[in-house]
Structure formats: structure tokens, C-alpha cells
Amino acid sequence: MTLAYEDRCVITDLIAMHGHLCDSGELDRLDEVFTADVVYDVTDFGQEVLEGVTACADAGRALGELNPVGHHVTNIVLSERADGLVYARSKGIGVNADGTSGSVTYEDTVVRADQGWRISHRKVIARRVPLGG
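Residues numbered from 1 in each chain as written. Predicted model: local features only at pLDDT ≥ 70, side-chain atom pairs only at ≥ 80, totals over all residues. Heavy atoms only, no water.

Q: Help me understand the pairing of strand S5 (residues 101-113) in this model?
A: In regular strands, side chains alternate between the two faces of the sheet. Where strand S4 (residues 86-95) lies against S5, ten bridges are found, and the strand directions are antiparallel. Each residue of the ladder has a partner; that of Val 86, found in S5, is Val 110. Once S4 ends, the chain turns through five residues before running back antiparallel as S5, passing Gly 99 with a positive phi of about 95°. Here S5 pairs with strand S6 (residues 116-127) via eleven bridges, running antiparallel. Paired with Asp 108 across the strands is Arg 122, a residue of S6. Count of turn residues in the S5/S6 antiparallel hairpin: two residues. (Pairing = 2+ DSSP bridges. Helix = DSSP H or I, 4+ residues; strand = E, 2+ residues; numbered from the N terminus.)

Below is the structure:
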């Protein structure tokens, strides 16, 4: 399977849309990014794995003022798999209200659903030391 250029563009926009929806508080629109049964792994932050798009939205609301004011994504790399899924790896930068920031790596599994491309699994890996240390 060769991932078409148009699909690459759509998936890249999909990954970017997550930050826009979170930063604007439009958590009820996360189904435009994730499958209904998404597995969202934030165990690297000492949290439970979130299961389902509603759980993701609820977690964002519960975090409230502790949410970053800016979710920025960059360095998106897409790899197609033989089973028709797409593996996406990207870097995230979170800017907090107090001016501090943090860096993560997103590891996503992207599927073609009835509504178009959606993320079915996301693992968020905190970057805490340089050079992968």
C-alpha cells in the first residue's frame, strides 16, 4: 500500500487539529480527531490509560486551569503499515500559563474510519532529559 499525498496531508492536519481543539476548549469536538474507542495512554505522566473519546474530553475538563495554554505539534513522520494502518510519530510542545513549557513525543496509530482518518491509539511520552537519556 502506498499512502497517497492527500492522505498524508489529511493525517497531518488531523494531528495538528488536536491542539487547536484543546486550546480553544472545544473538547466536545475531539471525535473529529479520535475514534470513539480511542486508547489514550498518558501513563508516562502517572495517569491511567484513557479509554474512549468521552474519557479524553472529561480528563481535559478535569485538568481545568492546569491545561497548557498552547499545544504545539511538529516533526510529524508518517509510516504506512501493511495492514492499512498508519503509524504517526510527532513532537509536542506544551506552553503553560506561567510561561514554562514541556516536550512530549506522540506515538499514534491512525485508521481510516467511516468519518475519515482518525487516531485510534495515542501514547504520550514525556521528554524529561536530553538525548533520549
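Picking up after the structure, the text goes on.
Q: Help me understand the layout of surface pockets, please; the structure alone is not making it clear to me.
A: In this model, the largest pocket occupies a volume close to 910 Å³. Looking at the largest pocket, it is lined by 32 residues, and the ones nearest its centre are Val 42, Leu 63, Asn 67, Pro 68 and His 71. Top element by residues in the lining of the largest pocket is helix H2 (residues 53-63). It accounts for six residues. (1 Å grid on protein atoms, 1.4 Å probe; cavity = no way out; pocket = protein on both sides within 12 Å on 5 of 7 lines; lining within 4 Å. Points joined across faces, edges and corners; volume = space filled by probe spheres on them.)

Q: So what exactly am I meant to see when it comes to H2 here?
A: A turn of α-helix holds 3.6 residues, and therefore any two residues three or four places apart point the same way. Of the residues making up H2, those classed as buried are Val 53, Cys 56, Ala 57 and Gly 60. Down the axis of H2, the buried set is contained in an arc of 95°. They therefore lie on one face. Turned more than 90 degrees from where H2 packs its buried face, Thr 54 and Ala 62 sit exposed. Contacts from the buried residues of H2 go to strand S1 (34-41) and strand S2 (50-51). With its phi angle positive at about 50°, Gly 64 sits one or two positions after the end of H2. (Buried < 20%, exposed > 50% of the residue type's maximum accessible area, 1.4 Å probe, protein only. Arc of directions from axis to C-beta. Contact = heavy atoms within 4.5 Å.)

Q: Sorry, what's going on with helix H1 (residues 5-23) here?
A: Helix length check: H1 (19 residues) gives 28 Å between terminal C-alpha atoms against 27 Å at 1.5 Å per residue, within 8%. The sharpest bend along H1 comes to roughly 25°, located at Ala 16. Along H1, the positions that sit buried rather than exposed are Asp 7, Ile 11, Leu 14, Ile 15, His 18, Gly 19 and Leu 21. Packing partners of the buried residues in H1 comprise S1, strand S3 (70-80), S4, S5 and S6. (Expected span 1.5 Å × (residues − 1). Bend = angle between axes of the 7 residues up to and from the residue.)

Q: So what exactly am I meant to see when it comes to the nonpolar core here?
A: Ile 11, Leu 30, Phe 34, Tyr 40 and Val 110 are the most contacted members of the largest nonpolar core, which has 25 residues in total. Elements with a minimum of two residues in this core: H1, S1, H2, S4, S5 and S6. At four residues, H1 tops the list of elements feeding residues into this core. Discounting residues that sit within four places of it in the chain, Leu 30 has contacts with His 18, Leu 21, Cys 22, Val 53, Cys 56 and Ala 57. (Core = buried A, V, L, I, M, F, W, Y, C linked by side-chain atoms within 4.5 Å.)

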